[in-house]
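Below are the chains, spelled out letter by letter.
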Amino acid sequence: MRLVGLTGGIATGKSTASTHLHTSHHLPIIDADLLARHVVQPSQPAFHTILHTFGAANVLDLQQTPPQLDRAKLAALIFANPDARKKLNAITHPPIRIEMLRGVLRAFLQGSALCVLDTPLLFEAGLYRVVSCVIVVACSTQTQLSRLMQRDSCTRDAAQARIDSQMSMDEKRARADIVIENEGSLEDTRAQLDAAVNAVMPSAWETLFWRVCLTPLAFVLYGGLTAYVKLREMMVPSTSVVSMEKERKEL
Ligand SMILES: CC(C)(COP(=O)(O)OP(=O)(O)OC[C@H]1O[C@@H](n2cnc3c(N)ncnc32)[C@H](O)[C@@H]1O)[C@@H](O)C(=O)NCCC(=O)NCCS
Ligand SMILES: Nc1ncnc2c1ncn2[C@@H]1O[C@H](COP(=O)(O)OP(=O)(O)OP(=O)(O)O)[C@@H](O)[C@H]1O
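The chain has the name Dephospho-CoA kinase in an unreviewed UniProt entry, where Geranomyces variabilis is given as its organism.

Undergrad: Would you mind showing me how to read the environment of Leu 88 here?
TA: Topologically, Leu 88 is positioned in helix 6 (residues 82-109). With a relative accessible area of 11%, Leu 88 lands in the buried category. What Leu 88 contacts, discounting residues up to four positions off in sequence, is Ile 50, Phe 54, Leu 74 and Ile 78.

Undergrad: Looking at this structure, I do not really get the nonpolar core. What am I missing?
TA: Burial of nonpolar side chains together is a common tendency in soluble globular proteins. Residues Ile 50, Phe 54, Leu 69 and Met 100 are the most contacted members of the largest nonpolar core, which totals 41 residues. Elements represented by at least two residues in this core include exactly helix 2 (32-38), helix 3 (45-54), helix 4 (56-59), helix 5 (71-79), helix 6, strand 5 (114-118), strand 6 (133-138) and helix 11 (204-234). Considering every element that reaches this core, the biggest residue donor is helix 6, with 9 residues. Mapping this core onto the domain boundaries places at least three of its residues in each of domain 1 (1-28 + 115-201) and domain 2 (36-111 + 203-240). Setting aside residues no more than four positions away along its own chain, Ile 50 makes contact with Val 40, Gly 55, Val 59, Leu 69, Leu 88, Ile 91 and Thr 92. Of all hydrophobic cores here, the second largest spans 15 residues; its members include Val 4, Ala 17, Leu 114 and Val 197.

Undergrad: Would you explain the pattern of salt bridges in this entry?
TA: Note that side chains of opposite charge can pair when their charged atoms are close. Counting across every chain of the model gives 7 salt bridges. A salt bridge links Glu 181 to Arg 173; its shortest N-O distance comes to 2.6 Å. Residue classification places Glu 181 among the partly exposed residues on the basis of a relative accessible area of 34%. Its relative accessible area of 27% is what places Arg 173 among the partly exposed residues.

Undergrad: Can you walk me through helix 1 (residues 14-25) in this structure?
TA: Counting along an α-helix, one turn takes 3.6 residues, and residues three or four places apart therefore face a common direction. Taking 1.5 Å of rise per residue, the 12 residues of helix 1 would be expected to cover 16 Å, and the 15 Å separating its terminal C-alpha atoms lies within 8% of that figure. Among the residues making up helix 1, those that are buried are Lys 14, Ala 17, Ser 18, His 20 and Leu 21. Buried residues of helix 1 fall within an arc of 155° about the axis and therefore sit on the same side. Where helix 1 ends, the next residue or the one after it, His 26, has phi of about 55°, a positive value.

Undergrad: What should I look at first to understand the UniProt feature "transmembrane region" (unreviewed entry) in the chain in this one?
TA: The UniProt feature table records "transmembrane region" (unreviewed entry) at residues 208-229. Span residues 208-229 is 100% helix and 0% strand, its end C-alpha atoms 30 Å apart.

Undergrad: Is there a simple way to think about the domain arrangement of the chain in this case?
TA: You'll often see interface size given as the accessible area lost when the parts meet. Per the domain assignment, the segments making up the chain are domain 1 (1-28 + 115-201) and domain 2 (36-111 + 203-240). Here domain 1 and domain 2 have C-alpha centroids that lie 21 Å from each other. Each side of the interface is counted separately: domain 1 has 14 residues, and domain 2 has 12 residues. In this assembly, domain 1 packs against domain 2 so that about 1,100 Å² is buried in total across both faces, 67% of it on carbon and sulfur atoms. Counting the surface domain 1 buries against domain 2, the share from its top three residues, Met 1, Arg 162 and Ser 165, is 44%. At the boundary of domain 1 with domain 2, the tally comes to 1 salt bridge. Between Arg 2 and Glu 206 there is a salt bridge whose closest N-O contact spans 2.9 Å. Put simply, the parts of the chain that give the side of domain 1 that touches domain 2 at least two residues each are strand 1 (2-8), strand 5 and helix 8 (156-164).

Undergrad: Just checking my understanding: could you explain the pairing of strand 6 for this structure?
TA: Successive side chains on a regular strand alternate, one facing one side of the sheet and the next facing the other. The element strand 6 is largely enclosed, with a buried count of 6 among its 6 residues. Residues Cys 133, Ile 135 and Val 137 line one face of strand 6 and the alternating positions Val 134, Val 136 and Ala 138 line the opposite face, and both faces are buried. The pairing of strand 1 with strand 6 spans 5 bridges and is classified as parallel. The residue of strand 6 that forms the bridge with Val 4 is Cys 133.

What counts, and at which threshold
Residues numbered from 1 in each chain as written. Chains lettered and ligands numbered in written order. Predicted model: local features only at pLDDT ≥ 70, side-chain atom pairs only at ≥ 80, totals over all residues. Heavy atoms only, no water. Helix = DSSP H or I, 4+ residues; strand = E, 2+ residues; numbered from the N terminus. Buried < 20%, exposed > 50% of the residue type's maximum accessible area, 1.4 Å probe, protein only. Contact = heavy atoms within 4.5 Å. Core = buried A, V, L, I, M, F, W, Y, C linked by side-chain atoms within 4.5 Å. Domains from an automatic or database assignment. Salt bridge = Lys/Arg side-chain N within 4 Å of Asp/Glu carboxyl O. Expected span 1.5 Å × (residues − 1). Arc of directions from axis to C-beta. UniProt positions renumbered as here; feature names shortened; annotations may be inferred. Buried area = accessible area lost by both parts, 1.4 Å probe. Pairing = 2+ DSSP bridges.

As structure tokens, then:
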């Protein structure tokens, strides 16, 4: 199986591209943004580390029972403050990587020839090293800014802060193996994606060779990682949720 990294800037069209790759080419997509949401659920260790690091009052949505992370509060905090962003990345990226690896192994064991790692921070987090090809979905800065403001109904300053927190599009373009220009119509973007899939799809022989060589190892690794994740979840003390509730009432 070949692992392809799909990246770009915020709101340049990664999800639009990965939806096409999934629906038209039936490729498994490992979506880092979705995994990032999963690892901060109250049942997960990272949730409690975030509360301890930033303070419950600064990051909780107190309207929900039990309280969940307030993503807007956390976003305001980390996109205005590089140190806070580094801290949040240090908490969330290790469990996200474990979930990504589990996803890749699952795709491999299911016999996929190509698996897509859809991740906005592929370069920033060093994940470009583990993929065999990097596809960058790009558009002009002006288009990126207006798509982001429109999609998230946010101000120009908030949108610009998110864009500035990432590697520049020029650098991402320069480091890409394939650039998808997502400036025009969706049909045009889809045609570029179809050509990219043709270019990176491995032969049936290559897929068979790696399946034969690596299936036992992949089984063991997948089982071990799954057991590790479940154990970590079991070690999240239930008292932690109770004390969070108490904290909520005191706030
Ligand atoms: C800060 C959070 C709570 C904001 O949540 P929100 O629902 O508003 O945004 P969402 O998660 O949908 O992300 C939207 C986009 O923001 C950008 N983004 C998110 N986190 C980061 C970050 N740490 N650094 C730079 N850009 C980021 C990405 O382009 C992403 O596609 C959330 O993004 C988060 O937990 N980020 C830390 C985990 C992370 O690095 N995620 C990125 C994928 S690995
Ligand atoms: N070719 C296009 N023409 C018009 N609108 C587009 C096009 N491509 C994407 N969009 C729109 O731009 C917005 C951002 O696209 P999308 O959500 O796919 O970006 P993203 O890179 O996945 O964003 P994020 O970094 O936040 O995950 C969406 O509202 C989407 O519908």
